[in-house]
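The residues making up each chain are set out below.
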Amino acid sequence: MLIEDILLEIFQTNLPLILLALLLVILVVKAVKIVPQSEQHVVERFGRLRAVMGPGINMIVPFIDRIAHKISILERQLPTASQDAITRDNVLVQVDTSVFYRIIEPEKTVYRIRDIDSAIATTVAGIVRAEIGKMDLDEVQSNRTALISTIKLLVEDAVDNWGIEVTRAEILDVNLDAATRAAMMQQLNAERARRAQVTEAEGKKRAVELAADAELYASEQTAKARRVLADAEAYATQVVATAIGENGLEAAQYQIALKQVEALNALGKGSGNQTILVPAQALEAFGDAFKLLKGRGRC
């Protein structure tokens, strides 16, 4: 009981100091604010914007200032949105888009727009419809990268007053209705058939060209062979003529006799039983040929 009396007396005696210390603790807790790295806090004083606190330790005036909004500055992705659009060549397409953004000026985002996600989605839908309306379907399919860049720039300009940064815009898919898809398939099949016909025609043309080149080459080779034979015959004739000119008629008779002997040998080498009738004049000619050959041999 003595200890309790002592404590009660101390408490009663130092009550103002204890209350003051407790008030100081409350004020410190209320005044010191720790903001996470991924957030920014908007501070209001009497309902009016006072400051934007960044990550780390921050101080406010207790009971006067208050943290009205805690804004995440992490990059956000809007849900995938589908909107219908009509191309310049009057084709109805359904475009699936997605946008990534982050808040860089929370005071603008808080006090200038109520539903930021819905506002961005509506802006993107309008820009996508407008840009696709300027392009043909083939351009939409082939120039998707350029279309995405254009949409991103236009969205950035539109949302600049909202304190956000558009980090990326994506066109995920471009869908066509069944009728358009069937027509495109027919066009694709027709184009494939045309290419096949062109390829076949080019192949036939190339085959004809190669055949003509082959015939030309064969003709050139035949002409060269004939030219070589003609040159050989001309050379042989020249040699015989030279021999006749140098040795007189005897050289010509010798060549004739030699040919006759060669012809007789060829007849004798024939296969099977053969009966050869030789005229008397031919025998006399062969005799003269043998005489000439014999005379040549002695020389």
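A short tour of the structure in this document, coming up. This one's a predicted model, so the numbers in the text were calculated from it and none came from an experiment.

Looking only at helices and strands, one finds 9 helices and 9 strands in the protein chain. Looking at the 299 residues of the protein chain, the share that counts as buried comes to 21%. The contacts of the protein chain with a sequence gap of at least 6 include a subset with a gap of at least 24, amounting to 65%. Split by element, the accessible area of the protein chain, about 21000 Å² in all, is 58% carbon and sulfur.

Attention now moves to the sheet that holds strand 2 (residues 39-45). Across the sheet, 3 strands lie side by side as 3-2-5; this open sheet has antiparallel pairing. This sheet does not close on itself; its edge strands, each paired only once, are strand 3 (48-53) and strand 5 (65-72). Recorded for the sheet is a direction-independent mean angle of 30° between the axes of neighbouring strands. Bridge analysis of strand 2 against strand 5 gives 7 bridges, and the strand direction is antiparallel.

Once that is clear, we can look at the nonpolar core. One broad rule of soluble globular proteins: the nonpolar side chains tend to lie buried together. Judged by nonpolar contacts, the single largest core of 32 residues is most densely connected at Val 93, Ile 120 and Ile 132. Sorting the residues of this core by element identifies strand 8 (92-103), helix 4 (116-132), helix 5 (137-142), helix 6 (144-158) and strand 9 (164-176) as the ones contributing at least two each. With 7 residues, helix 4 is the largest single contributor of residues to this core. When sequence neighbours within four positions are dropped, the list of residues in contact with Ile 120 reads Leu 78, Val 99, Tyr 101, Val 159, Trp 162 and Ile 164.

Moving on: helix 6. A rise of 1.5 Å per residue sets the reference length of helix 6, with its 15 residues, at 21 Å; its end C-alpha atoms lie 21 Å apart and thus fit the reference within 8%. Buried within helix 6 are the following residues: Leu 147, Ile 148, Ile 151 and Val 155. Considered in projection along helix 6, the buried side chains sweep an arc of 100° and stay on one side of the axis. Of the exposed residues in helix 6, the ones pointing more than 90 degrees away from its buried face are Thr 145 and Asp 157. Where helix 6 is buried, its residues contact helix 4, helix 5 and strand 9.

What counts as what
- Residues numbered from 1 in each chain as written.
- Predicted model: local features only at pLDDT ≥ 70, side-chain atom pairs only at ≥ 80, totals over all residues.
- Heavy atoms only, no water.
- Helix = DSSP H or I, 4+ residues; strand = E, 2+ residues; numbered from the N terminus.
- Buried < 20%, exposed > 50% of the residue type's maximum accessible area, 1.4 Å probe, protein only.
- Contact = heavy atoms within 4.5 Å.
- Areas by Shrake-Rupley, 256 points an atom, 1.4 Å probe, with all protein chains shown as cover.
- Pairing = 2+ DSSP bridges.
- Axes fitted to C-alpha atoms, helices over the stretch in contact; angles between N-to-C directions.
- Core = buried A, V, L, I, M, F, W, Y, C linked by side-chain atoms within 4.5 Å.
- Expected span 1.5 Å × (residues − 1).
- Arc of directions from axis to C-beta.

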